[in-house]
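Here's the letter readout for the chains.
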Amino acid sequence: MQKYIITASTAMRSKTNGGVVYMFPVIIMKIVYLVPLMFIWRTITASGAAIEMSLSQLLTYTYVNALLADMLIIQTYMTGWDFDSKSTAMFTRPMSVYGQVISRTVGEWGPTLLLFSLPMAVIAPFLGIQIIPYTLWFIPSLILCISLGFALEFVFFCITLRLRNVSWLMHVIRAAIISFFSGTVIPFRILPFGLDRWMAYQPFGSLGGAPLALYVGVNQPVRVITAQVVWNVVFWLIAICWFKQSRERMVSFGG
């Protein structure tokens, strides 16, 4: 495990090589995203709109999503618009490709968790936010969410290889699709016409929205965990098989 720990440590340091001050724009953008949503939920609930979540649940849902955003929606260098040189370098190191991607990504979470998530979690009670999870089933759900996120990253990477000439467009489309269908921005529970049930069981519904729903207590653990396990098995099988077939295409392009 030492080589993966070193990789994670190096990735963590790379995020702050220019100094901690370079993390400020990231933190500011997270706050800019968080504050308007908090006001929107307060306005909606104050208007008497019929929704199936309380104001406390909505605020906690949005707040925790901001704190754990990197874990709820996995993003790696594999599916970025400039993925070529970074992805082909994976084969120049005496390490598992899967291990490299995972350890590097986990390491890159460190600065944001320390400089943003931890301080925000400490001040949450003073802002009237319930930071304690409704059920501890949130923890295995979060682990399954992270696992599925990495599987989907490898799947989207294979799609990007197939559509190499429009990789930048694939990057934008992927971000838009996952942001909406994962339930991190808009909780599935408040969707009308029974859409919440359908959205919760589609593959992206087992990402961020699943652990968040358990965190605030608006879904049943058995349903959520079962769906996450099923989609993990399906997409890891697809990812491993497809990635194995896609290696020649990637290496030949990289020279």
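Residues numbered from 1 in each chain as written. Predicted model: local features only at pLDDT ≥ 70, side-chain atom pairs only at ≥ 80, totals over all residues. Heavy atoms only, no water.

A.B. asks: I tried to follow the overall build of the protein chain on my own but got confused; where do I start?
C.D. replies: Assigned secondary structure in the protein chain consists of 11 helices and 0 strands. Along the protein chain, from the amino end to the carboxyl end, the secondary structure elements read α-α-α-α-α-α-α-α-α-α-α. A compact globule built from 255 residues would reach a C-alpha radius of gyration of about 18 Å, and the protein chain, at 19 Å, matches this within 12%. Referenced to the eigenvectors of the C-alpha coordinate spread, the extents of the protein chain come out at roughly 60 × 40 × 35 Å. Looking at the protein chain as a whole, 45% of its 255 residues qualify as buried. A sequence separation of at least 24 residues applies to 79% of the contacts in the protein chain between residues at least 6 apart. When the accessible area of the protein chain is evaluated, it comes to approximately 13400 Å², of which 70% is carbon and sulfur surface. The centroid of the 17 positive side-chain charges in the protein chain is displaced by 4 Å from the centroid of its 8 negative side-chain charges. (Helix = DSSP H or I, 4+ residues; strand = E, 2+ residues; numbered from the N terminus. Rg over C-alpha atoms; globule rule 2.2 N^0.38 Å. Buried < 20%, exposed > 50% of the residue type's maximum accessible area, 1.4 Å probe, protein only. Contact = heavy atoms within 4.5 Å. Areas by Shrake-Rupley, 256 points an atom, 1.4 Å probe, with all protein chains shown as cover. Lys, Arg positive; Asp, Glu negative; His and termini not counted. Charge placed at Lys NZ, Arg CZ, Asp CG, Glu CD.)

A.B. asks: How should I be thinking about the packing of aromatic side chains in this particular structure?
C.D. replies: Two descriptors summarise a pair of aromatic rings, namely the distance from one centre to the other and the angle between the planes of the rings. One pass over the structure, following the stated rule, counts 11 aromatic pairs. Both rings, one in Tyr98 and one in Trp236, keep their centres 6.3 Å apart while their planes meet at 65 degrees; by these two values the pair is edge-to-face. Residue Tyr98 is found in helix α6 (residues 97-123), and its partner Trp236 is found in helix α11 (residues 221-254); the two are separated by 138 residues along the sequence. Here the two residues Tyr98 and Trp236 agree in accessibility, since each one is buried. (Phe/Tyr/Trp six-rings, centres within 6.5 Å; stacked < 30°, edge-to-face > 60°.)

A.B. asks: What is the right way to look at the packing of helix α1 (residues 2-14) against α6 in this model?
C.D. replies: When two helices pack together, their arrangement is captured by the angle between the axes and the distance separating the axes. Put simply, α1 and α6 touch, their axes get as near as 7 Å, and they point 45 degrees apart. On the basis of their axis angle, the class for α1 and α6 is oblique. The hand of the α1/α6 crossing is right-handed. The residues of α6 that touch α1, namely those facing Tyr4, Thr7, Ala8, Ala11 and Met12, are Gly99, Gln100, Ser103, Arg104, Gly107, Glu108, Gly110, Pro111 and Leu114. Taken together, the residues of the contact of α1 with α6 break down into 6 nonpolar, 6 polar and 2 charged. (Axes fitted to C-alpha atoms, helices over the stretch in contact; angles between N-to-C directions. Parallel < 35°, antiparallel > 145°, perpendicular 65-115°, else oblique. Left-handed = near helix turned anticlockwise from the far one by under 90°. Nonpolar A, V, L, I, M, F, W, Y, C, P; charged D, E, K, R; others polar.)

A.B. asks: I would appreciate a short explanation of the nonpolar core in the present structure.
C.D. replies: The nonpolar side chains of a soluble globular protein tend to be buried, and buried together. Among the nonpolar cores identified, the biggest contains 56 residues, and Tyr63, Leu68, Met78, Val101, Phe154, Leu207 and Phe243 are the most heavily contacted of them. Contributing elements (two or more residues each) for this core: α2 (24-46), α3 (55-67), α4 (69-72), α6, α7 (138-162), α8 (167-181), α10 (209-216) and α11. Sequence-distant contacts of Val101, that is, excluding residues within four places in its chain, are made with Thr76, Tyr77, Met78, Met90, Phe150 and Phe154. Leu144, Leu214, Val224 and Ile225 belong to the second-largest nonpolar core, a separate cluster that totals 5 residues. (Core = buried A, V, L, I, M, F, W, Y, C linked by side-chain atoms within 4.5 Å.)

A.B. asks: Hey, could you run me through α3 in this one?
C.D. replies: Helical periodicity: at 3.6 residues per turn, an α-helix aligns residues three or four positions apart in one direction. With 13 residues, α3 extends 18 Å between its outermost C-alpha atoms, agreeing within 8% with the 18 Å of an ideal straight helix rising 1.5 Å per residue. Taking burial as the measure, the 13 residues of α3 include 11 buried ones, the bulk of the element. Every buried residue of α3 is accounted for by Gln57, Leu58, Leu59, Thr60, Tyr61, Thr62, Tyr63, Val64, Asn65, Ala66 and Leu67. In this structure, the buried residues of α3 make contact with α2, α4, α6 and α10. (Expected span 1.5 Å × (residues − 1).)

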